[in-house]
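Reading the structure
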Amino acid sequence: MKLLDRYVTRQFLVTFFMLVLGLPLLFIIGDITDNIDTYMDRGVPLRRLGLAYVYQFPQFMVYAFPIAALVATVFTIGGLTRHQEITAAKAGGVSFWRLFIPISLLSIVLSAGAFGLSEVVPASLRKAASLRGEAVTTTANGPRINFVFQTEREGVLTARRLDAGTGELSEVSLERNATEKTPGKHLFARRAVWRQRGGWRFEDGWNRTLHPDGREEAVKFDTLSVPNLVEEPEDLMAEPRDPEQMRYAEVTRFVGAIERSGGDALPLRVEQALKLSVPLAVIVIVLFGAPLVTSSSRGGAAYGVGISLGITIVYMLLFRVGKALGSSGAIDPMMAAWGPNLLFLVAGIILMLRVRT
């Protein structure tokens with residue numbers, strides 16, 4: 001069986017890597033065609049434009065993963081079917097399900113790889129945007145004035161002004177009610193500064209500790225670190241960057257920040273769920289494509305390409321429709337992001353159970 005597993009694995013991986021490295025070139029050509037006038041107007045040098053696409057290449061690879069996995073599955077299983085190799089394997093006591101095990105294990109590994117690659121994409125996209133002369137939005141434009149923010153750990157934060165660009169708060173206070181185990185807090189400072197390594201440092205203020213038994217203690221300070229105030233300046237703005245320029249953990253943090261500040265986090269909740277559901281689509285689409293192609297040995301490569309493109313278009317269309325419905329609140333964000341996977345998973349299981357083993 002090891003020989004057969006190696007044979008199936010090699011056939012699958014050769015096709016997959018050819019496509020996952022080749023398809024991004026088509027995406028690049030399409031992007032250049034759509035935006036060449038914009039780049040010329042900006043006067044972007046050819047060298048910088050080429051380097052920008054090098055940085056954007058990981059994003060196009062993430063787009064290519066589900067397509068490449070499906071085509072590799074269709075071509076591998078389709079080739080085995082056309083050449084009667086599946087029939088020969090069955091005659092030797094090897095079921096289709098056993099033959100499919102190497103591909104299913106590869107789909108799990110590739111799904112994890114797609115998620116890992118998607119975590120690299122945000123930083124590379126920001127670099128690509130910079131090279132093309134595009135504005136990289138990291139915070140909302142301008143300061144935030146006279147606001148109240150419900151923090152994750154330190155209660156309610158109130159500030160006269162926030163400048164997220166410099167990471168400074170002015171006339172800031174923190175209020176946390178006392179509980180049976182922890183005292184309450186009322187902290188006021190003239191200024192607070194965000195440090196990338198040390199978190200928030202409050203300057204020139206008073207720290208009042210309110211004990212559950214009614215006692216109060218007030219201490220004046222010149223500087224005071226507040227490690228439990230984990231929100232960064234961008235979180236306090238409650239205005240997220242482009243979701244494509246954020247990693248999964250950053251999107252999750254912004255969802256919490258927006259909801260605590262009373263904003264609408266539905267679009268970002270959909271994006272958060274898509275960060276997981278799109279990489280896992282590799283597993284689902286492989287499970288769906290493998291039994292489907294065993295039902296026909298017609299058409300050779302043309303048939304394989306046609307069925308792969310058809311499935312991919314429907315799959316991506318469902319994701320786009322789900323994203324629009326989830327962002328508008330018409331359906332639950334989790335269902336919007338996971339609905340296509342659930343639909344194709346059920347269909348794949350049904351098709352797999354109908355395969356003659």
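One can find the structure itself at the top, above this paragraph.
What this report covers is the structure whose coordinates are included nearby. (Residues numbered from 1 in each chain as written. Predicted model: local features only at pLDDT ≥ 70, side-chain atom pairs only at ≥ 80, totals over all residues. Heavy atoms only, no water.)

**Regarding helix α2 (residues 46–82)**
Rules: Secondary structure counts use DSSP, requiring at least four H or I residues in a row for a helix and at least two E residues in a row for a strand, with both numbered from the N terminus. Between the first and last residue of a helix there are one fewer steps than residues, each counted as 1.5 Å, and that sum is the expected span. To get the bend at a residue, fit one axis to the 7 residues ending there and another to the 7 starting there, then take the angle between the axes. Only protein chains enter the area calculation, which uses a 1.4 Å probe; residues under 20% of their type maximum are buried, those over 50% are exposed, and those in between are partly exposed.
Relative to the 54 Å expected for 37 residues at 1.5 Å per residue, α2 spans just 46 Å between its end C-alpha atoms, considerably shorter than the ideal helical length. In the structure, α2 departs most strongly from a straight axis at Gln56, where the bend amounts to approximately 40 degrees and where the proline Pro58 lies between one and four residues downstream. For α2, the tally of buried residues reaches 26 of 37 residues, placing the bulk of the element in the interior. Following α2 by one or two positions, Gln84 adopts a phi angle in the positive range, close to 60 degrees.

**Describing a nonpolar patch on the surface**
Note the cut-off: Patch definition: residues above 30% relative accessible area lacking any salt bridge, with like charges linked at up to 9 Å and the nonpolar side chains Val, Leu, Ile, Met, Phe, Trp and Tyr linked at up to 5 Å. Note that accessible areas follow from Shrake-Rupley with a 1.4 Å probe, and for residues the cover is restricted to the protein chains shown. A pair is scored as a salt bridge if a Lys or Arg side-chain nitrogen falls within 4 Å of a carboxyl oxygen belonging to Asp or Glu.
Where nonpolar side chains cluster on the molecular surface, the patch consists of Trp97, Leu317, Val321, Leu325, Ile331, Met335, Leu342, Leu345, Val346, Ile349, Ile350 and Leu353 and spans about 1000 Å² of accessible area. Mapped by element, the contributors of at least two residues to the nonpolar patch are α8 (300–328) and α9 (333–354). Sorting elements by how many residues they give to the nonpolar patch places α9 first, with 7 residues. Tracing the chain through its elements places Leu345 in helix α9.

**Structural notes on the pattern of salt bridges**
Using the criterion set out here, one finds 12 salt bridges in the structure. In this structure, Arg160 and Glu171 form a salt bridge, with 3.3 Å as the shortest nitrogen-oxygen distance. Of this pair, Arg160 sits in strand β2 (residues 156–163) while Glu171 sits in strand β3 (residues 168–176), and the two are 11 residues apart along the sequence. According to the relative accessible area criterion, Arg160 is partly exposed, its value standing at 42%. Classification of Glu171 as partly exposed rests on a relative accessible area of 38%. The salt bridge involving Glu271 is made with Lys323; its shortest N-O contact spans 2.8 Å.

**Some remarks on the environment of Arg160**
The condition that has to hold: Working rule for contacts: check all heavy atoms of both residues, and any pair within 4.5 Å makes them a contact.
Each C-alpha atom, one on Arg160 and one on Tyr63, is 44 Å from the other, the two residues being 97 residues apart in sequence. When residues no more than four places from it in sequence are discounted, the contact partners of Arg160 are Arg144, Ile145, Asn146, Ser170 and Glu171.

**Here we look at the environment of Ala164**
Counting through the fold element by element, Ala164 comes out in the loop between β2 and β3. The exposure class of Ala164 is buried, given its relative accessible area of 12%. Measuring from C-alpha to C-alpha, the distance between Ala164 and Leu318 comes to 37 Å, with 154 residues separating the pair along the chain.

**A closer look at unusual backbone geometry**
In this structure, Glu171 takes a positive phi of about 45 degrees despite not being glycine. Phi angles above zero are rare outside glycine, and Asp204 is one such case at about 55 degrees.

**Describing the packing of helix α1 (residues 2–42) against α2**
So the rule is basically this: Axis lines are fitted to C-alpha atoms, over the contacting stretch for helices. Their N-to-C directions set the angle, which ranges from 0 to 180 degrees. When describing relative orientation, an angle under 35 degrees is termed roughly parallel and one over 145 degrees roughly antiparallel, while 65 to 115 degrees is termed roughly perpendicular and anything else oblique. Take the far helix as the reference: if the near one is turned anticlockwise from it by less than a right angle, the crossing is left-handed, and if turned clockwise, right-handed.
The interhelical angle for the contact between α1 and α2, taken along N-to-C directions, is 140 degrees, at an axis separation of 5 Å. Classified by the angle between their axes, α1 and α2 sit oblique to one another. In this structure, the crossing between α1 and α2 has a hand that is right-handed.

**So, the sheet that holds β2**
Rules: Should DSSP find at least two bridges between two strands, the strands are regarded as paired.
The strand order across the open sheet built from 6 strands is β1-β2-β3-β4-β5-β6, with neighbouring strands paired in antiparallel fashion. Bordering the open sheet on either side are β1 (144–150) and β6 (216–226), each of which pairs with just one other strand. Averaged over neighbouring strand pairs, the angle between their axes works out to 15 degrees when direction is ignored. Across 6 bridges, β1 lies against β2 in antiparallel orientation. By the bridge assignment for β2, Val148 is matched with Thr158.

**A short note on the side chain of Thr151**
This is how it is decided: Residues adjacent in sequence count toward polar contacts only when both atoms are side-chain atoms; beyond that, a polar contact is any pair of N or O atoms within 3.5 Å, and within protein one must be able to donate a hydrogen and the other to accept it.
With respect to the helices, strands and loops of the structure, Thr151 is situated in the loop between β1 and β2. A polar atom in the side chain of Thr151 sits 2.7 Å from the backbone oxygen of Gly155.

**Thoughts on α9**
Given a rise of 1.5 Å per residue, 22 residues ought to cover 32 Å, and the 32 Å separating the end C-alpha atoms of α9 matches this to within 8%. The set of residues buried in α9 consists of Pro333, Ala336, Ala337, Gly339, Pro340, Asn341, Phe344, Gly348 and Met352. Among the residues of α9, the N-terminal cap falls to Asp332, whose side-chain oxygen and the backbone nitrogen of Met334 are separated by 2.9 Å.

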